[in-house]
Structures are given as structure tokens and as C-alpha cells.
Amino acid sequence: MPQRVFLRFLAVLLLIAGLVAAQPLEVWIMPNGANPQGMLEQRLALFEQETGLKTKVKVLDWGEAWSLITSVLEGKQNAPDVLQLGTTWVSYFASRGQLAKLDAYLPEIKPERFMKVSWKTTGTDGDSATYSIPWFIDARALMVNKSILAKAGITAKDVATYEGFYQSLKKINNLNLQSKDGFKIRAFAFPGKSDWNIPHNFAPWVWSAGGSFVKKDDHGAWHSNLLDPNTIEGIAAYLNFVMDSLVDKANLRHNTAQIVQLFNNGELGFILNTAELVMQIRYEAAIGGLAASAISADGIDIMPVPAGKAGSVCFIGGSNLAIPASKAKNANAVKLLKFLIRDDNLHAYTKQIGFLPPVTDVLNTWAKDSSYKVLIDHLEDGRNYPNIPEWTLVEGALINLFSDIWGYLDIGGLYSEEAMYSTLLTHNQKINDILHAPANTTPPMRLDEFLALWKKVTTHQFNAVDSVSKTIDSAEAKDDSNKQIGFTAIIFLLAVFSGFIVTIIRKRKK
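Thresholds, definitions, all that
Residues numbered from 1 in each chain as written. Predicted model: local features only at pLDDT ≥ 70, side-chain atom pairs only at ≥ 80, totals over all residues. Heavy atoms only, no water. Helix = DSSP H or I, 4+ residues; strand = E, 2+ residues; numbered from the N terminus. Buried < 20%, exposed > 50% of the residue type's maximum accessible area, 1.4 Å probe, protein only. Contact = heavy atoms within 4.5 Å. Areas by Shrake-Rupley, 256 points an atom, 1.4 Å probe, with all protein chains shown as cover. Phe/Tyr/Trp six-rings, centres within 6.5 Å; stacked < 30°, edge-to-face > 60°. 1 Å grid on protein atoms, 1.4 Å probe; cavity = no way out; pocket = protein on both sides within 12 Å on 5 of 7 lines; lining within 4 Å. Points joined across faces, edges and corners; volume = space filled by probe spheres on them. Nonpolar A, V, L, I, M, F, W, Y, C, P; charged D, E, K, R; others polar. Pairing = 2+ DSSP bridges. Axes fitted to C-alpha atoms, helices over the stretch in contact; angles between N-to-C directions. Parallel < 35°, antiparallel > 145°, perpendicular 65-115°, else oblique. Left-handed = near helix turned anticlockwise from the far one by under 90°. Core = buried A, V, L, I, M, F, W, Y, C linked by side-chain atoms within 4.5 Å. Salt bridge = Lys/Arg side-chain N within 4 Å of Asp/Glu carboxyl O. Expected span 1.5 Å × (residues − 1).

1. Examining the overall build of the protein chain
When you go through the protein chain residue by residue, the secondary structure sums to 21 helices and ten strands. The buried share of the protein chain, reckoned over its 510 residues, is 51%. Across the protein chain, the fraction of contacts at a sequence separation of at least 24, relative to all contacts at a separation of at least 6, is 76%. Accessible area of the protein chain: about 24,100 Å², with a carbon and sulfur share of 55%.

2. Details of the packing of aromatic side chains
Inspection of every chain in the model, using the stated rule, returns 35 aromatic pairs. Geometrically, the ring pair formed by Trp135 and Tyr349 is stacked, given 4.5 Å between the ring centres and 5 degrees between the ring planes. Linking Trp135 in strand E4 (residues 133-145) with Tyr349 in helix H15 (residues 343-353), this pair joins segments that are 214 residues apart in sequence. Here Tyr349 falls in the buried class, since its relative accessible area comes to 2%. Ring centres of Phe165 and Phe270 lie 5.1 Å apart, and the angle between their planes is 80 degrees; on these two criteria the pair is classed as edge-to-face. Of the two residues, Phe165 is situated in helix H8 (residues 162-174) and Phe270 in strand E8 (residues 268-274); the sequence distance between them amounts to 105 residues. In terms of burial, Phe165 and Phe270 fall into one category: buried. One aromatic cluster in this structure is built from Tyr162, Phe165, Phe188, Phe190, Phe202, Trp205, Phe213, Tyr238, Phe241, Phe270, Phe402 and Trp406.

3. Considering the layout of surface pockets
A volume near 1,100 Å³ is recorded for the largest pocket. Together, 44 residues line the largest pocket, and Trp62, Arg140, Trp196, Asn197 and His200 are the ones closest to its centre. For the lining of the largest pocket, the residue count by class is 15 nonpolar, 24 polar and five charged.

4. Re the pairing of E8
Within E8, seven of the seven residues are buried, which leaves the element mostly enclosed by the surrounding structure. Pairing analysis gives two bridges linking strand E5 (residues 186-188) to E8, with the strands arranged parallel. Counted as the bridge partner of Arg186 is Leu268 from E8.

5. Some points on the environment of Glu112
Along the chain, the position of Glu112 falls in the loop between helix H5 (106-109) and helix H6 (116-119). Since its relative accessible area comes to 61%, Glu112 is described here as exposed.

6. With respect to the packing of helix H2 (residues 36-51) against H15
Interhelical geometry of H2 versus H15 gives an angle of 160 degrees and a closest axis separation of 9 Å. As judged from the angle between their axes, H2 and H15 are roughly antiparallel. In this structure, the crossing between H2 and H15 has a hand that is right-handed. Contact residues: H2 offers Pro36, Met39, Leu40 and Arg43, while H15 offers Asp344, Asn345, Ala348, Tyr349, Gln352 and Ile353. In terms of residue class, the contact of H2 with H15 is built from six nonpolar, two polar and two charged.

7. Considerations on the nonpolar core
Membership of the largest hydrophobic core comes to 138 residues, with the highest contact counts inside it found for Phe188, Phe213, Leu239, Phe241, Phe270, Leu356 and Trp406. The dominant element in this core, judged by the number of residues it contributes, is helix H18 (residues 391-410), at ten residues. Core analysis: the second largest hydrophobic core is formed by 19 residues, Val72, Leu85, Tyr92 and Ala322 among them.

8. Some remarks on the pattern of salt bridges
Inspection of every chain in the model, using the stated rule, returns 17 salt bridges. A salt bridge links Arg342 to Glu50, with the shortest nitrogen-to-oxygen separation between them at 3.3 Å. Taken together, the residues span a long stretch of sequence, with Arg342 in the loop between helix H14 (331-340) and H15 and Glu50 in helix H2 at a distance of 292 residues. Residue class for Arg342 comes out partly exposed when judged on its relative accessible area of 31%. Linking Arg446 and Asp448 is a salt bridge whose minimum nitrogen-to-oxygen distance equals 3.0 Å. You can call Asp448 partly exposed: its relative accessible area is 45%. Each member of the salt-bridge network shares a partner with another, and the members are Arg43, Glu50, Arg342 and Asp344.

9. Remarks on the packing of helix H10 (residues 229-243) against helix H20 (residues 447-458)
In contact at an axis separation of 9 Å, H10 and H20 are set at 45 degrees when each is read in the N-to-C sense. Viewed along their axes, H10 and H20 adopt a mutual orientation that is oblique. Like other packed secondary-structure pairs, H10 and H20 cross with a definite hand, here right-handed. Packed against H10, whose contacting residues are Pro229, Ile232, Glu233, Ala236, Leu239, Asn240 and Met243, the element H20 presents Phe450, Leu453, Trp454, Val457 and Thr458 at the interface. The residue inventory of the contact of H10 with H20, partitioned by class, reads nine nonpolar, two polar and one charged.

10. What about H2?
For an α-helix, 3.6 residues make a turn, and residues three or four places apart therefore share a direction. Here H2 spans 22 Å end to end across 16 residues, near enough to the 22 Å set by a 1.5 Å rise per residue. Of the positions making up H2, those classed as buried are Pro36, Gly38, Met39, Leu40, Arg43, Leu44 and Phe47. Each element contacted by the buried residues of H2 is listed here: strand E1 (25-29), strand E2 (55-59), E4, H14 and H15. Phi for Gly52, located one or two positions after H2, is positive at around 80 degrees.

Structure below.
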């Protein structure tokens, strides 16, 4: 090869290498808490100073994240170097070979730094490899309006058990309190039909009753556990709040954002939600905070999930960081991942977004904050969903199940114990089909067995749903009657006024 051609070829190679090197390392995240992109970019500025490598942040909406991530991991688009995954997504992508194995870097990452409950989410069932690293913890407990509870004279001890929580809800509702904007204050509310948080909201009551949505048998096969007596008891414990009118059934038409807004407006005593609200009231609205909200003035406390017979078990989810399999050999991607999970960066980022850091040393610092100490102490008793590739489909089936149940309670005349049994039986089989559970793994509960159990767990100390429905329907009928009377009066006044105008016009014509 002539020297001139060789030099030109070398120049082209150097140019290509330069262009490749100039490409920034890209991180994909979801909108976590207040101003997550701004804080992450601040931390990445330090990374650029330390390494000389450029970075870029892309924020995906939660609604589109699954499809976009699926597309890039299947090789249909250019993949980022590091990406955020919900903890329940890790096993799905890992089982398909689409995430890089991180075991070679564990001596530097040091898994012992992390909370055990958080580290459980880093892989997939039946595979000992590590495919992701915890980034933050989504731990859900009771968010409490301090002002409302003070007016009702209710303390944390009063709501420590399910029975105590039930009585506390009744007490708040009976006080007929009003918010500063003049709206009626209700004790408790939660989202209803088709909201993606529904399983997360049911889970603490089911787990605290000793139940579970799915279960692994002695042979390692997963199957539905919906018709387990403890699971049914936990489901009923949650439904009782609506069936006994402690929670307004109109809220079953709301999503999580709408329920949280009611709480932020000072209209609810309790919600079961993520801890980000506690941090958000410390930030101004300009960066997504709630410093000017009613709940900021009233104050927030965190209390454990009311204990059932299996104790107080909170839901633990969150997000992890992973590297696409296509970037497994990219040393700079690994360098970026290790930077993001460094203690100082975890502390700064989670403090901004309000979710809990996953490492013990940083959590110990957070525990000095009285607003978070209760929740951090509660982590030891928290529980994750199982790391199975089919979980996203199982979760979809649970959303459909609970949406159907909320529909029965929302629309008068649809509820019956037989309808509840039929719905549970149908979705029990759907989940078994998703999990490819062996036939007859768990013989379904008979109708007579279900009816006896359901009667026990829904009438232990609560009103029957029929009498509640009649009371609600009666109140609605009375409200409609009052509206009709008001409407008739308006028509009468308009008629009188029209007659008066006609008389004056006639007089003027004369």
C-alpha cells in the first residue's frame, strides 16, 4: 500500500475513533420525584470532571418506558449505556439475555453495602447472576396529615393494628372536619379502577394477613395463591374500608395522582403512598416541590402499615440501574454505573427525589431525620414481589382482578359474594396459566368454603355490604331529591320573573 494511501486510511480511522470517543455516555431514567434530571446532571458534571467523559440524560415517561426499553434491548434502536429499570422489570429482561452480567464487578460494588431486601431485586429467580444494582427504594407506608390527627386526638399507637386503624378512620369521619378550602375531610382514600398502583396498595394488607399473590411449591414451580384463606382475608381487610363506608366509593374512580392531590390539599387524614411526599414539601414549586401546599402547612408523618396477624409488612419496590447486554464490554458504561451507585451520589440523588437510598450507611444518616426513621426501621419487615420473568404479566392480571372488584363495589347492585368468588376463581386460573403452573397444583377453594370464610372476614365487626349500599343509595336518593326541589324552585322563580317582565312591557305599550 502506498504511503499516501496508508496515511489517508490512518486519518480516517483516527477520525472515526475520535467521533466514537466524542459520543456522550447516555443514561435513561424515569421522572422520579422533584427535578430528577437536574440533580442527576449535577452529579454527572462531577463524573465528567473526574473522567473527562461526556454524559447525556434522557427522561422517559413511565407510560412509555416499558415499550421504549423493550425496543432498545431487542436491538431495534441504539441502547443507552446505563438505564433505570423498575425492580420488577429486571427479571424479565435478564431472563431474555438482554442485560449485562455484573458479577465481575461485585468486589468493587460490594453487595454487603446494600439492604438485603433491596439486593434481592438484582437478578432473576433460578439464576445466581447479578444483572442490576439497586438505585433507590420505594417503601410504602401510611402518610399521615399531622394536623387532622391532632384534631382527632389520634396517635401512632392508635393505628398500630388493623382494628385500631379501622376505629381511627371512623373517628375522623364522624368529626365532620373541613379543609381550609371548605371541603369535607375524609379519613382515608385510595385509587380504584385500572390504576397501576392497585396491587401495590393491596399487597401490604395481604402480606400482613399472612397471604401472598403467588407462591413457590416444594418443586420450585410458581402458582397463584389468590384462593389461600390468608390471601382472601387480606383482600377482604382492604375491601372492608369501602364496604363499611369508611372510604368514599367515589374515590374508586380516581387514579393515584388524584388521590395524592386530595391529600396534598389537606382533605385526607391518611394515604398509603411512597415516601417522596415527605421530601417534596421541603422544596419549592419551581422545582416540583410542595412547599406552598396545604399538606406542607399541616405537616406529614409516616406510620407503619397497620399490623395483621402476620405483623406489619410494607411494600418495597424501587428502581435499579443496569447495562444493556450490547454495552457489556463498554468499560466506560461500567465506570458510569459504579459512579452512580457511590454512596455520595446515592445520598445526593435520593435526597432530591425523596425515595430511600438502598445502602445501609446512607440510610443510617437518613434515620437521624425523624420523618424517615419510622419508615427506615420498617424496611427490615418489608417485602418485594418475587423476581420472576412473568411478574409483569401477573401484575397486569392483578390490576384487572382488583379493577373488576372495585367495579362491583362502585356500581350499585353488582356486588355479591358469588361474584367475588367467580372473579377470584377466574383470575386465579389466569395467573396459573401465566406461570405455566402444573395442573391441580392447588385445588381451588369450593364455593361453600369461600362463602363461609368471606362471611367471617367481612362481618367480624363490620356492617354488611347490603345495608351499606342501601344507606349510600338512600343518601344519594335524598341528595337527588333535594336537587330536584331546588331545580323546581328555580323554575318557579323564573316563571314569576318572566310574568313580571311581560306585564311591564304590556303597560309600556299601552
